[in-house]
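# Fold and contact review
Residue-level listing of the chains:
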Amino acid sequence: MDTLEKFNTAQINVINNSVAMAEELVSEYYKMSASQWLHRRYDVKTLVDLRPDEIVRGPFAQIIRYKGQRKDSHLGSSTYDLYKICLQDNAILSALKQFSEIKLFPFTLYIITHELIHIVRFSKFLQSFDASNEETMLEEARVHEITRDILLEARISEMENVLAFYKGWLKPIEELQKR
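Small disclaimer: the values here were computed from a predicted structure and weren't measured.

## Quick look at the nonpolar core
- If you look at the biggest cluster of nonpolar residues, it comprises 42 residues, and the most contacted ones within it are F60, I85, L87, I92, F107 and I111.
- Looking at this core, the element that brings in the most residues is helix 3 (residues 104-123), giving 11 residues.
- Apart from residues lying up to four places away in sequence, I92 is in contact with F7, F60, L87, L104, F107, T108 and I111.
- L47, L50, I55 and C86 belong to the second largest nonpolar core, which has 6 residues in total.

## What about the environment of P106?
- Positionally, P106 belongs in helix 3.
- Discounting chain neighbours no more than four positions away, the residues touching P106 are S157, E158, M159 and V162.

## A closer look at the packing of aromatic side chains
- A complete count under the given rule lists 9 aromatic pairs for this structure.
- The interplanar angle of 75° and the centroid separation of 5.0 Å between the aromatic rings of F60 and F107 together place this pair among those described as edge-to-face. Of this pair, F60 sits in the loop between strand 1 (42-45) and strand 2 (61-69) while F107 is found in helix 3, placing the two residues 47 residues apart along the sequence.
- Residues F107 and F165 carry aromatic rings whose centres are separated by 5.6 Å and whose planes lie at 90° to one another, so their mutual orientation is edge-to-face. Here F165 lies in helix 5 (residues 159-165) and F107 lies in helix 3, a separation of 58 residues in the sequence.
- Residue class for F165 comes out partly exposed when judged on its relative accessible area of 27%.
- One aromatic cluster is present, built from ring pairs that chain together F60, F99, F107, Y110, F165 and Y166.

## Digging into the pattern of salt bridges
- By the definition in use, this model includes 7 salt bridges.
- The closest approach of N and O atoms between D43 and K45, which form a salt bridge, is 3.4 Å.
- Taking the relative accessible area as the measure of exposure, K45 reaches 25% and is therefore partly exposed.
- Two residues, R51 and D53, come together in a salt bridge whose shortest N-O distance is 2.9 Å.
- Using a relative accessible area of 39% as the deciding quantity, one classes R51 as partly exposed.
- Bridged by salt links that share partners, the residues R51, D53, E54 and K84 form one connected network.

## Overview of the environment of M21
- Among the secondary structure elements, M21 is positioned in helix 1 (residues 9-29).
- Under the relative-accessibility criterion, M21 is labelled partly exposed at 31%.
- Placed 92 residues apart in sequence, M21 and T113 show a C-alpha to C-alpha distance of 8.5 Å.
- In this structure M21 touches F105, L109 and I156, once residues within four positions along its chain are discounted.

## Topic: the side chain of N90
- Here N90 lies in helix 2 (residues 89-98).
- Once residues lying within four places of it in the same chain are set aside, the contact partners of N90 are L4, E5, L47 and R57.

## Looking at the pairing of strand 1
- Residue alternation in strand 1 divides its side chains into a buried set, Y42 and V44, and an unburied set, D43 and K45.
- As judged from the 4 bridges shared by strand 1 and strand 3 (residues 79-87), these two strands associate in the parallel manner. Each bridged residue has a counterpart across the sheet, and for D43 the counterpart in strand 3 is K84.

So, how was this worked out
- Residue positions within a chain follow its written sequence, with the count starting from 1.
- Residue-level local features of this predicted model are given only where pLDDT is at least 70; pairs of side-chain atoms are given and counted only at 80 or more, and the full residue set underlies all totals for whole chains, interfaces and linings.
- Side-chain measures were taken over the full set of non-hydrogen atoms in the model, leaving aside hydrogen atoms and water.
- Among buried residues, the Ala, Val, Leu, Ile, Met, Phe, Trp, Tyr and Cys ones that are joined through side-chain atoms within 4.5 Å form a nonpolar core.
- Each residue is assigned to one of three classes by its accessible area relative to the maximum for its type, calculated with a 1.4 Å probe on protein chains only: buried under 20%, partly exposed between the two thresholds, exposed over 50%.
- For helices the rule is a DSSP run of H or I covering at least 4 residues; for strands it is a run of E covering at least 2, with both sets numbered from the N terminus onward.
- Two residues form a contact once any of their heavy atoms are found within 4.5 Å.
- When two rings of Phe, Tyr or Trp (its six-membered ring) have centres within 6.5 Å they constitute a pair, described as stacked for plane angles under 30 degrees, edge-to-face for angles over 60, and tilted for the intermediate range.
- Salt bridge criterion: a side-chain nitrogen from Lys or Arg within 4 Å of a carboxyl oxygen from Asp or Glu.
- Between any two strands, pairing holds if DSSP finds at least two bridges.

Structure below.
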(Lines give C-alpha, C1' and ligand atoms only; values in the text may rest on other atoms or scores of the structure.)
Protein backbone atom coordinates (compact mmCIF):
# COMPACT_ATOMS: atom_id res chain seq x y z
CA MET A 1 0.00 0.00 0.00
CA ASP A 2 1.31 3.43 -0.86
CA THR A 3 2.14 5.89 1.90
CA LEU A 4 -0.95 7.78 3.05
CA GLU A 5 -0.76 11.32 4.41
CA LYS A 6 -1.31 11.49 8.16
CA PHE A 7 -2.35 14.30 10.47
CA ASN A 8 0.53 16.16 12.10
CA THR A 9 0.67 17.04 15.81
CA ALA A 10 -1.05 20.42 15.38
CA GLN A 11 -3.82 18.79 13.34
CA ILE A 12 -4.26 16.08 15.98
CA ASN A 13 -4.84 18.85 18.54
CA VAL A 14 -7.56 20.26 16.27
CA ILE A 15 -9.09 16.76 15.97
CA ASN A 16 -9.10 16.42 19.78
CA ASN A 17 -10.96 19.74 20.04
CA SER A 18 -13.42 18.57 17.37
CA VAL A 19 -14.07 15.36 19.31
CA ALA A 20 -14.65 17.23 22.59
CA MET A 21 -17.07 19.69 20.99
CA ALA A 22 -18.88 16.98 18.99
CA GLU A 23 -19.40 14.93 22.16
CA GLU A 24 -20.85 17.97 23.91
CA LEU A 25 -23.14 18.91 21.01
CA VAL A 26 -24.44 15.39 20.44
CA SER A 27 -25.02 14.64 24.13
CA GLU A 28 -26.87 17.95 24.47
CA TYR A 29 -28.99 17.24 21.37
CA TYR A 30 -29.99 13.80 22.66
CA LYS A 31 -30.34 15.12 26.24
CA MET A 32 -27.90 12.54 27.58
CA SER A 33 -26.35 13.08 31.00
CA ALA A 34 -22.68 12.31 31.64
CA SER A 35 -23.66 8.91 33.06
CA GLN A 36 -25.78 8.12 29.98
CA TRP A 37 -23.11 9.22 27.53
CA LEU A 38 -21.36 6.53 25.57
CA HIS A 39 -17.84 6.92 26.99
CA ARG A 40 -15.97 3.66 26.78
CA ARG A 41 -18.42 2.48 24.11
CA TYR A 42 -16.57 4.15 21.25
CA ASP A 43 -13.16 5.44 20.34
CA VAL A 44 -11.93 7.86 17.69
CA LYS A 45 -8.72 6.90 15.92
CA THR A 46 -6.65 8.46 13.16
CA LEU A 47 -4.58 6.74 10.50
CA VAL A 48 -1.53 6.25 12.73
CA ASP A 49 -3.60 3.95 15.00
CA LEU A 50 -5.61 2.11 12.35
CA ARG A 51 -5.03 -1.47 11.29
CA PRO A 52 -4.79 -2.07 7.52
CA ASP A 53 -8.35 -3.48 7.42
CA GLU A 54 -9.67 -0.26 9.04
CA ILE A 55 -8.30 1.95 6.25
CA VAL A 56 -10.69 2.65 3.38
CA ARG A 57 -10.45 4.68 0.21
CA GLY A 58 -13.01 7.41 -0.31
CA PRO A 59 -14.94 8.10 2.90
CA PHE A 60 -13.65 10.58 5.47
CA ALA A 61 -14.46 8.15 8.28
CA GLN A 62 -16.03 4.81 8.93
CA ILE A 63 -17.49 3.15 11.99
CA ILE A 64 -16.49 -0.38 12.81
CA ARG A 65 -18.36 -2.34 15.45
CA TYR A 66 -16.46 -4.69 17.70
CA LYS A 67 -17.66 -6.81 20.60
CA GLY A 68 -16.23 -5.74 23.93
CA GLN A 69 -16.12 -7.67 27.18
CA ARG A 70 -14.76 -6.79 30.60
CA LYS A 71 -11.51 -8.58 31.40
CA ASP A 72 -12.94 -10.15 34.57
CA SER A 73 -15.97 -11.67 32.84
CA HIS A 74 -16.22 -14.75 30.65
CA LEU A 75 -20.01 -14.77 30.23
CA GLY A 76 -21.44 -14.05 26.79
CA SER A 77 -24.13 -11.91 28.41
CA SER A 78 -21.48 -9.40 29.49
CA THR A 79 -20.47 -8.49 25.93
CA TYR A 80 -21.24 -5.03 24.58
CA ASP A 81 -20.87 -3.16 21.32
CA LEU A 82 -17.70 -1.11 21.03
CA TYR A 83 -17.61 1.29 18.10
CA LYS A 84 -14.46 2.62 16.52
CA ILE A 85 -14.61 5.81 14.48
CA CYS A 86 -11.78 5.43 12.00
CA LEU A 87 -10.85 8.85 10.64
CA GLN A 88 -9.22 8.62 7.24
CA ASP A 89 -6.56 11.33 7.51
CA ASN A 90 -5.56 11.09 3.86
CA ALA A 91 -9.12 11.60 2.57
CA ILE A 92 -9.74 14.53 4.93
CA LEU A 93 -6.44 16.23 4.09
CA SER A 94 -7.00 15.67 0.38
CA ALA A 95 -10.45 17.33 0.59
CA LEU A 96 -8.98 20.29 2.48
CA LYS A 97 -6.43 20.79 -0.31
CA GLN A 98 -9.09 20.47 -3.00
CA PHE A 99 -11.59 22.80 -1.28
CA SER A 100 -9.49 25.59 0.24
CA GLU A 101 -12.56 27.33 1.67
CA ILE A 102 -13.06 24.41 4.08
CA LYS A 103 -11.03 24.48 7.30
CA LEU A 104 -9.94 21.51 9.41
CA PHE A 105 -11.83 22.28 12.63
CA PRO A 106 -15.34 22.75 11.20
CA PHE A 107 -14.82 19.89 8.73
CA THR A 108 -13.73 17.37 11.34
CA LEU A 109 -16.37 18.67 13.75
CA TYR A 110 -18.98 17.82 11.11
CA ILE A 111 -17.48 14.39 10.42
CA ILE A 112 -17.17 13.41 14.09
CA THR A 113 -20.59 14.82 15.03
CA HIS A 114 -22.07 12.80 12.16
CA GLU A 115 -20.38 9.58 13.28
CA LEU A 116 -21.35 10.10 16.95
CA ILE A 117 -24.99 10.56 15.89
CA HIS A 118 -24.79 7.20 14.13
CA ILE A 119 -23.40 5.58 17.28
CA VAL A 120 -26.11 7.10 19.48
CA ARG A 121 -28.77 5.90 17.05
CA PHE A 122 -27.28 2.38 16.99
CA SER A 123 -27.01 2.33 20.78
CA LYS A 124 -30.59 3.54 21.28
CA PHE A 125 -31.84 1.01 18.70
CA LEU A 126 -33.12 3.80 16.45
CA GLN A 127 -31.19 2.23 13.59
CA SER A 128 -29.69 -1.20 12.98
CA PHE A 129 -25.96 -1.35 12.38
CA ASP A 130 -26.60 -4.17 9.89
CA ALA A 131 -29.24 -2.39 7.80
CA SER A 132 -29.91 -3.04 4.11
CA ASN A 133 -28.23 -0.78 1.53
CA GLU A 134 -31.48 1.11 0.96
CA GLU A 135 -32.05 1.66 4.69
CA THR A 136 -28.40 2.66 5.10
CA MET A 137 -28.85 5.39 2.48
CA LEU A 138 -32.00 6.63 4.21
CA GLU A 139 -30.15 6.63 7.52
CA GLU A 140 -27.28 8.61 5.99
CA ALA A 141 -29.76 11.27 4.85
CA ARG A 142 -31.37 11.37 8.33
CA VAL A 143 -28.01 11.67 10.07
CA HIS A 144 -26.79 14.40 7.70
CA GLU A 145 -30.01 16.31 8.44
CA ILE A 146 -29.54 15.94 12.22
CA THR A 147 -25.85 16.89 11.91
CA ARG A 148 -26.79 20.04 9.99
CA ASP A 149 -29.46 20.97 12.56
CA ILE A 150 -27.03 20.54 15.47
CA LEU A 151 -24.23 22.51 13.83
CA LEU A 152 -26.50 25.32 12.59
CA GLU A 153 -27.78 25.75 16.13
CA ALA A 154 -24.22 25.81 17.50
CA ARG A 155 -23.16 28.63 15.15
CA ILE A 156 -19.61 27.43 14.59
CA SER A 157 -17.23 29.80 12.82
CA GLU A 158 -16.60 28.84 9.17
CA MET A 159 -19.16 26.03 9.28
CA GLU A 160 -21.21 27.41 6.38
CA ASN A 161 -18.65 26.17 3.81
CA VAL A 162 -18.77 22.67 5.30
CA LEU A 163 -22.57 22.68 5.27
CA ALA A 164 -22.51 23.77 1.63
CA PHE A 165 -20.09 20.91 0.88
CA TYR A 166 -22.56 18.38 2.33
CA LYS A 167 -25.66 19.98 0.79
CA GLY A 168 -26.16 17.03 -1.58
CA TRP A 169 -27.12 14.79 1.33
CA LEU A 170 -29.96 17.06 2.37
CA LYS A 171 -32.53 15.79 -0.10
CA PRO A 172 -35.77 15.30 1.76
CA ILE A 173 -36.07 11.80 3.13
CA GLU A 174 -39.43 11.44 1.39
CA GLU A 175 -37.69 11.77 -2.01
CA LEU A 176 -35.34 8.93 -1.12
CA GLN A 177 -38.25 6.78 0.02
CA LYS A 178 -40.05 7.21 -3.32
CA ARG A 179 -37.28 5.38 -5.21
